[in-house]
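# Examining the three-dimensional arrangement
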Amino acid sequence: QVHVVESGGGLVQAGGSLRLSCAASGNIFSIDLMAWYRQAPGKQRDLVAGITSITTDYVDSVKGRFTISRDNAENTVYLQMNSLKPEDTAVYYCKAVATTLQRRALEVWGQGTLVTVSS
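Keep in mind it's a predicted model, so treat the numbers as computed, not measured.

### As for the pattern of salt bridges
Any two side chains of opposite charge can pair, so long as their charged atoms come close to each other. Within this structure, the stated rule accounts for 4 salt bridges. R38 is the salt-bridge partner of D88, the closest N and O atoms lying 3.0 Å from each other. Of this pair, D88 sits in the loop between β8 (76-81) and β9 (90-100) while R38 sits in strand β4 (residues 28-39), and the two are 50 residues apart along the sequence. According to the relative accessible area criterion, D88 is buried, its value standing at 1%. We classify R38 as buried; its relative accessible area is 14%. When salt bridges that share partners are traced, they join R38, R65 and D88 into one network.

If you want it as structure tokens, here you go:
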């Protein structure tokens, strides 16, 4: 099966930076898409950034501040977060869209990492 694990969350002051990591492992033929979502208490889970082999996309509120990237092996995705604001506070989740060795498509979610930005 396929698993993803997030790391890098923590407490930071407004204006600071954090770098989140998401590592995928398991029965993987290819990783077709990786994305970061976030969910604040009482709010829906929203897409923050996504990356494929050729494209990246961001929600408007993080453009110019956040950068999503992948390593050359395409098994790890990063979210570099700069100029953090209190409204960025949320649990950040990684999602991988993967093709297994048996050529089955899967969506796999990590368990989340908490980012808290103080004012």
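Now, onward.
### Overview of the environment of N75
Note on placement: N75 falls in the loop between β7 (66-70) and β8. Owing to a relative accessible area of 30%, N75 belongs among the partly exposed residues under this scheme. Between the C-alpha atom of N75 and that of A96, which follows or precedes it by 21 residues, the distance is 9.4 Å. Here N75 is in contact with C22, A23 and A24, once residues within four sequence places are set aside. For N75, the side chain forms a polar contact with the side chain of T76, separated by 3.4 Å.

Cut-offs and rules
Residues numbered from 1 in each chain as written. Predicted model: local features only at pLDDT ≥ 70, side-chain atom pairs only at ≥ 80, totals over all residues. Heavy atoms only, no water. Salt bridge = Lys/Arg side-chain N within 4 Å of Asp/Glu carboxyl O. Helix = DSSP H or I, 4+ residues; strand = E, 2+ residues; numbered from the N terminus. Buried < 20%, exposed > 50% of the residue type's maximum accessible area, 1.4 Å probe, protein only. Contact = heavy atoms within 4.5 Å. Polar contact = N/O pair within 3.5 Å; in protein donor to acceptor, adjacent residues only side chain to side chain.

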